[in-house]
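Listed below are the residues making up each chain.
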Amino acid sequence: MITISTDKSKLDINFIQHFLKDIYWAAGRTIEEVQTTIDASVCFGLYLDGKQIGFARVITDYVVFAYVMDVFVDENYRGKGYSSKLIEAMLNEPELKRVKIWRLATRDAHFLYEKFGFTALANPDRMMEKVISKQ
């Protein structure tokens with residue numbers, strides 16, 4: 001049975017870090033850094049029969065803005081609609097219902113997010129960023 005929970009005490013930090021350390025958007029993220037990001041986010045654990053198989057987190061002010069990050073399902077469980085269930089749970093989370101603007105970045109999962117109304121930025125020329133990377 002699939003369940004999705006926002007209870008951070010249920011999260012398998014080692015599972016999350018093991019996945020993130022090798023993925024393009026979080027390569028090299030340490031377990032301490034993973035814990036810090038979890039502490040500062042609304043987190044969603046995806047579980048199959050009590051075993052964690054996926055994760056997502058949202059950074060938010062709970063009213064104006066939410067940013068979706070670190071969404072993944074273990075490769076052994078893909079293709080079964082679990083990612084869609086995870087996104088649906090995030091968008092329907094009661095404490096996030098007032099959020100007016102949701103954003104995310106993806107290199108390869110546009111098809112997933114488009115099903116939930118995400119589109120390319122209407123005014124990308126208004127967006128800016130500052131990236132600080134370790135070298």
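Residues numbered from 1 in each chain as written. Predicted model: local features only at pLDDT ≥ 70, side-chain atom pairs only at ≥ 80, totals over all residues. Heavy atoms only, no water.

### Focus: the pattern of salt bridges
To keep things clear, this is the line we draw: By definition, a salt bridge exists where a carboxyl oxygen of Asp or Glu is found within 4 Å of a side-chain nitrogen of Lys or Arg. The secondary structure listing takes helices from DSSP runs of H or I that are at least 4 residues long and strands from runs of E that are at least 2 residues long, numbered from the N terminus. Partly exposed describes any residue whose relative accessible area lies between the buried limit of under 20% and the exposed limit of over 50%, with all areas from a 1.4 Å probe on protein chains only and scaled to the type maximum.
Using the criterion set out here, one finds two salt bridges in the structure. In this structure, Arg57 engages Asp70 in a salt bridge whose closest nitrogen and oxygen atoms are separated by 2.7 Å. Here the residue Arg57 occupies a position in strand 3 (residues 51-60), and Asp70 occupies one in strand 4 (residues 65-73), the gap between them amounting to 13 residues. The exposure class assigned to Arg57 is buried, which follows from its relative accessible area of 4%.

### A word on the nonpolar core
The cut-off we apply is this: Only buried residues count toward a nonpolar core. Its members are Ala, Val, Leu, Ile, Met, Phe, Trp, Tyr and Cys residues joined through side-chain atoms within 4.5 Å. A contact between two residues is defined here by any heavy atoms of the two lying within 4.5 Å.
Judged by nonpolar contacts, the single largest core of 22 residues is most densely connected at Phe44, Val58, Val71, Met90, Leu96, Trp102 and Tyr113. Elements with a minimum of two residues in this core: strand 2 (42-48), strand 3, strand 4, helix 3 (82-91) and helix 4 (110-114). Setting aside residues no more than four positions away along its own chain, Val71 makes contact with Trp25, Phe55, Ala56, Leu86, Ile87 and Tyr113. If you look at the next biggest cluster of nonpolar residues, it comprises 13 residues, including Ile13, Leu20, Ile38 and Tyr47.

### Describing the side chain of Asp70
In plain terms, the rule: Whenever a nitrogen or oxygen atom comes within 3.5 Å of another N or O atom, the pair is scored as a polar contact, on the condition that within protein one atom can donate a hydrogen and the other can accept it, and that pairs from neighbouring residues in sequence are kept only if both atoms are in side chains.
On the basis of relative accessibility, which here comes to 4%, the residue Asp70 falls in the buried class. A polar contact of 2.7 Å, which involves the side chain of Asp70, links it to the side chain of Arg57. Ignoring anything within four residues of it in the chain, the contact list for Asp70 reads Leu20, Trp25, Arg29, Phe55, Ala56 and Arg57.

### Describing helix 3
Within helix 3 the residues assigned to the buried category are Tyr82, Ser84, Leu86, Ile87 and Met90. Taken together, the buried residues of helix 3 touch strand 1 (2-5), strand 2, strand 3, strand 4, strand 5 (101-104) and helix 4.

### Considerations on the pairing of strand 5
Our working definition: One requirement defines pairing of two strands: DSSP has to find at least two bridges between them. For crossovers, right-handed means that the path from the first strand over the helix to the second runs clockwise, given strands pointing away from the viewer.
The pairing of strand 4 with strand 5 spans four bridges and is classified as parallel. Bridge pairing in strand 5 places Tyr67 opposite Arg103. Regarding topology, helix 3 serves as the crossover connection from strand 4 to the parallel strand 5, and that connection is right-handed.

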